[in-house]
Amino acid sequence: MADDSTSRFQAGRTGLIVRIPEAEPAVRAWRERFDPSARAGVPAHVTVLFPFLDASRIDARVRGALADLLGRHHAFDLRFEGCGRFPGVLYLAPEPDTQLRRLTEVVADRWPEAPPYGGRFTDVVPHLTVADGQDDAVLAEIEAGLPSSLPFTSRVTSVDLMVHDGATWQEQASFALLE
C-alpha cells in the first residue's frame, strides 16, 4: 500500500491486501527501517487495491459485496524468489502473479471509482514492498542481504480490508477465498 503522496496516511483511507506472514522473517527489520507503511502498522503484504473506498463509504453492503466477489476466487500459492525495483522502491516479486492481478481487476471493475494506485500506473505490478523512498545504494544493500531468506512460499487464503484511523492502519475485515 505504498505511494509517494503524504495523503496515504489520512484517516479514512482504505486498502485491500493479502498478508504474506512467511515474508516477515526476511523483511521485517528492513521494512521497519525503510517502509513507512510498516511503521504505520501494515504487515508484509501484496496490495490488491489501494486506495479503495473512503472508510465512510464502507458499510455492510460494501463488505457483503466484497465477500461475495472475493469468495468466488480460489486460494492460491505464491513463491517469492527474487527482487525487483521501481524508482526508490525495492520489492519481492510474487510468482505467479496472475491470481493477484485478477483480484485487482475484479475489485477495480466493481468499483471503478477506485482505480489501482489512483490510476497513476497503466500496468499494476503485484509486489511486496521491502523499502520505499530510498536511494539506490540503500536498495542495493538491502537486496544483497535478502537472498539467504529466499525462496519461500505463501498460501493466500483471504484478502484483508485495512483502514487508517489517523494514527495507524488497522484490519477492518477479512474476506475468505475458496479453499
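Look a little higher up for the structure.
Before going into details, it helps to say that this report is about the structure given with it. Because the structure is a prediction, the values reported are computed rather than measured. (Residues numbered from 1 in each chain as written. Predicted model: local features only at pLDDT ≥ 70, side-chain atom pairs only at ≥ 80, totals over all residues. Heavy atoms only, no water.)

So, on to the overall build of the chain. Assigned secondary structure in the chain consists of five helices and eight strands. For a compact globule of 179 residues, the expected C-alpha radius of gyration is about 16 Å, and the chain comes in at 15 Å, within 12% of that figure. Structurally, the chain occupies a C-alpha span of about 45 × 35 × 30 Å along its principal axes. A buried classification covers 51% of the 179 residues belonging to the chain. Within the chain, counting contacts between residues at least 6 apart in sequence, those at least 24 apart form 76% of the total. Taking the 18 positively charged and 26 negatively charged side chains of the chain as two groups, their mean positions are separated by 4 Å. (Helix = DSSP H or I, 4+ residues; strand = E, 2+ residues; numbered from the N terminus. Rg over C-alpha atoms; globule rule 2.2 N^0.38 Å. Buried < 20%, exposed > 50% of the residue type's maximum accessible area, 1.4 Å probe, protein only. Contact = heavy atoms within 4.5 Å. Lys, Arg positive; Asp, Glu negative; His and termini not counted. Charge placed at Lys NZ, Arg CZ, Asp CG, Glu CD.)

This next bit is on the packing of helix H3 (residues 60-70) against helix H4 (residues 98-110). The contact between H3 and H4 brings their axes to 11 Å, and the two run at 145 degrees. The hand of the H3/H4 crossing is right-handed. Contacts between H3 and H4 involve Arg 61, Ala 65, Leu 66, Leu 69 and Leu 70 from the first element and Leu 103, Val 106, Val 107 and Arg 110 from the second. Residues of the contact of H3 with H4, tallied by class, amount to seven nonpolar, no polar and two charged. (Axes fitted to C-alpha atoms, helices over the stretch in contact; angles between N-to-C directions. Left-handed = near helix turned anticlockwise from the far one by under 90°. Nonpolar A, V, L, I, M, F, W, Y, C, P; charged D, E, K, R; others polar.)

On to the environment of His 127. You can see His 127 is positioned in the loop between H4 and strand S5 (128-132). Judged by its relative accessible area of 11%, His 127 falls in the buried class. For the pair His 127 and Pro 94, spaced 33 residues apart in the sequence, the C-alpha separation amounts to 6.3 Å. Setting aside its immediate chain neighbours within four residues, His 127 contacts His 45, Val 46, Thr 47, Phe 86, Tyr 91, Leu 92, Pro 94 and Tyr 117. Reaching out from His 127, the side chain makes a polar contact with the backbone oxygen of Val 125 at a distance of 2.6 Å. (Polar contact = N/O pair within 3.5 Å; in protein donor to acceptor, adjacent residues only side chain to side chain.)

Here we take up the sheet that holds strand S4 (residues 89-95). Pairing in this open sheet of four strands is antiparallel, and the strands run S5-S4-S3-S6 from one edge to the other. Of all strands in the sheet, those with a lone pairing partner are S5 and strand S6 (152-156), marking the two edges. The mean inter-strand angle of the sheet, taken between neighbouring strand axes irrespective of direction, is 30 degrees. Here S4 pairs with S5 via four bridges, running antiparallel. Considered in S5, the bridge of Leu 90 is made with Ala 131. Strands S4 and S5 of the sheet are contacted by helix H1 (residues 24-34), whose axis makes an angle of about 45 degrees with S5. (Pairing = 2+ DSSP bridges.)

Moving on, we get to the sheet that holds strand S1 (residues 14-19). Strand order in this open sheet of four strands is S2-S1-S7-S8, and the pairing throughout is antiparallel. For this open sheet the edge positions go to strand S2 (45-49) and strand S8 (169-176), each flanked by a neighbour on one side alone. Pairwise comparison of adjacent strand axes, ignoring direction, gives a mean angle of 35 degrees for this sheet. One ladder, built from seven bridges, connects strand S7 (residues 158-164) with S8; its direction is antiparallel. Within S8, the residue paired with His 164 across the bridge is Trp 169. In the packing of H3 onto the sheet, contacts are made with S1, S7 and S8, and the angle to S8 comes to roughly 50 degrees. Relative to the sheet, H4 contacts S1, S2 and S7, its axis offset from that of S2 by approximately 30 degrees.

Nothing here speaks to function; it is geometry throughout.
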